[in-house]
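Secondary and tertiary structure notes
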Amino acid sequence: MLTDSSQASVPATPRIVFVPGQNPKPEPGVHRRLLWRCLLEGVRRADENIYHWIRAQPEIFALADWNALFYPNQIAAVDTQATIEELLRAEDGAGPGDEVLRERRRMTLMFIMGDMFPFLAQRIPDPQIKNTMMEALRYFENHGRQADRVRAHVRQTVLQALQSKGPLLVIGHSLGSVVSFDMLWESTHLYADPWDVDLFMSLGSPLGTHFVRSRRLGAGHGKVGRYPEGIRRWVNIAADGDCIALNRQMSEDYSSMLELDLTKGISDHTNGVQNAFRDKDGWNPHRSYGYLANLVTGTEIANWLRGHAMPAEAPGPGSAIGIELED
């Protein structure tokens with residue numbers, strides 16, 4: 001039955017939950033502002049109208065700040081703020097040059113060896129690669145139930161976002177994509193309340209590696225019990241030179257989810273994605289800030305927002321106030 005347009009319900013506001021990767025982070029409030037600023041820039045590069053609309057609604061964005069449960073310290077954000085200002089000024093498509101990419105390919109080979117033979121992780125000479133693998137292993141070993149507490153915290157953040165009754169986008173970066181996937185598996189198979197995640201976005205994700213696929217929750221179950229339910233669509237984005245994102249074709253590695261009708265689509269952006277993040281240590285195409293400010297990520301988020309509660313006429317420039325970086 002048709003309803004009078006004056007009585008038609010207003011669509012619920014969409015919600016975005018960001019689940020960061022490993023390592024200590026800035027204080028959660030500051031970290032959220034930094035991420036939000038980068039996400040806004042990515043959306044701005046994709047669609048000015050949607051940028052002005054979402055910028056006026058910072059409550060859309062929530063940070064699942066699990067890192068404080070896993071690491072005893074936080075990092076200062078002063079240098080990071082200056083680096084992000086430089087990142088946001090960079091032209092879209094800027095990224096590491098050929099020399100840097102050659103070095104990243106060398107690192108990728110070491111990651112591949114570690115992925116195939118995890119017992120060699122302690123002997124990997126590169127400290128960044130060794131730390132990445134050992135921290136992931138610490139998560140999977142779940143000593144003192146640290147990983148359980150991490151997932152419970154992320155779950156609570158998602159539950160709060162779901163209270164709006166609007167469509168949900170979960171963005172997981174690096175190990176955060178693994179935490180998110182595990183948390184969604186628990187929701188399906190432990191709590192028996194699979195949520196409707198309208199879009200799951202993985203950035204720089206190791207979910208396709210043998211190391212992760214053999215250890216994540218559900219890995220030892222049968223075909224049906226191996227995966228979470230409720231992910232309507234999955235978008236995976238992996239930047240050039242990001243050696244954490246091995247086996248980056250999720251549409252191949254998780255094709256069983258499509259066969260079982262557990263998701264309606266899995267797509268990969270893995271060619272020509274440039275992460276422009278660069279700090280005092282040089283280019284780092286794995287950093288979350290660079291992923292969020294990227295046109296590819298911004299386009300996916302803008303397209304998703306356009307399909308959910310996007311008003312016919314978005315406010316123009318100067319009519320919205322969002323969260324900005326602190327001075």
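Here, the structure is the one placed above.
All of the points below concern the structure found in this document. (Residues numbered from 1 in each chain as written. Predicted model: local features only at pLDDT ≥ 70, side-chain atom pairs only at ≥ 80, totals over all residues. Heavy atoms only, no water.)

What follows deals with the side chain of Gln 22. Of note, Gln 22 is situated in the loop between strand S1 (15–19) and helix H1 (28–46). Exposure remark for Gln 22: the relative accessible area of 8% places this residue in the buried category. Once you skip the residues sitting within four places of it in the chain, Gln 22 turns out to touch Trp 66, Asn 67, Tyr 71, Asn 131, Thr 132, Glu 135, Ala 136 and Leu 175. (Helix = DSSP H or I, 4+ residues; strand = E, 2+ residues; numbered from the N terminus. Buried < 20%, exposed > 50% of the residue type's maximum accessible area, 1.4 Å probe, protein only. Contact = heavy atoms within 4.5 Å.)

Take the packing of H1 against helix H2 (residues 48–55) next. Two quantities define a packed helix pair, namely the angle between the helix axes and the distance between the axes. The N-to-C vectors of H1 and H2 enclose an angle of 150 degrees; their axes lie 6 Å apart at closest approach. Looking at the two axes, H1 sits roughly antiparallel to H2. For the pair H1 and H2, the contacting residues are Trp 36, Leu 39, Leu 40, Val 43, Arg 44 and Ala 46 in the first and Glu 48, Ile 50, Tyr 51, Ile 54 and Arg 55 in the second. Tallied by class, residues from the contact of H1 with H2 come to 8 nonpolar, no polar and 3 charged. (Axes fitted to C-alpha atoms, helices over the stretch in contact; angles between N-to-C directions. Parallel < 35°, antiparallel > 145°, perpendicular 65-115°, else oblique. Nonpolar A, V, L, I, M, F, W, Y, C, P; charged D, E, K, R; others polar.)

Here the structure, examined in full by the defined rule, presents 14 aromatic pairs. Centroid distance Phe 18 to Phe 61: 6.5 Å. Interplanar angle 40 degrees. Geometry classified as tilted. One end of the pair, Phe 18, is in strand S1; the other, Phe 61, is in strand S2 (residues 61–63), with 43 residues separating them in the sequence. We note that Phe 18, like Phe 61, is buried. Each residue in the set Phe 181, Phe 200, Tyr 227, Trp 234 and Tyr 254 is aromatic and connected to the rest through ring pairs, giving one cluster. (Phe/Tyr/Trp six-rings, centres within 6.5 Å; stacked < 30°, edge-to-face > 60°.)

By themselves, these are just geometric observations and shouldn't be taken as functional.
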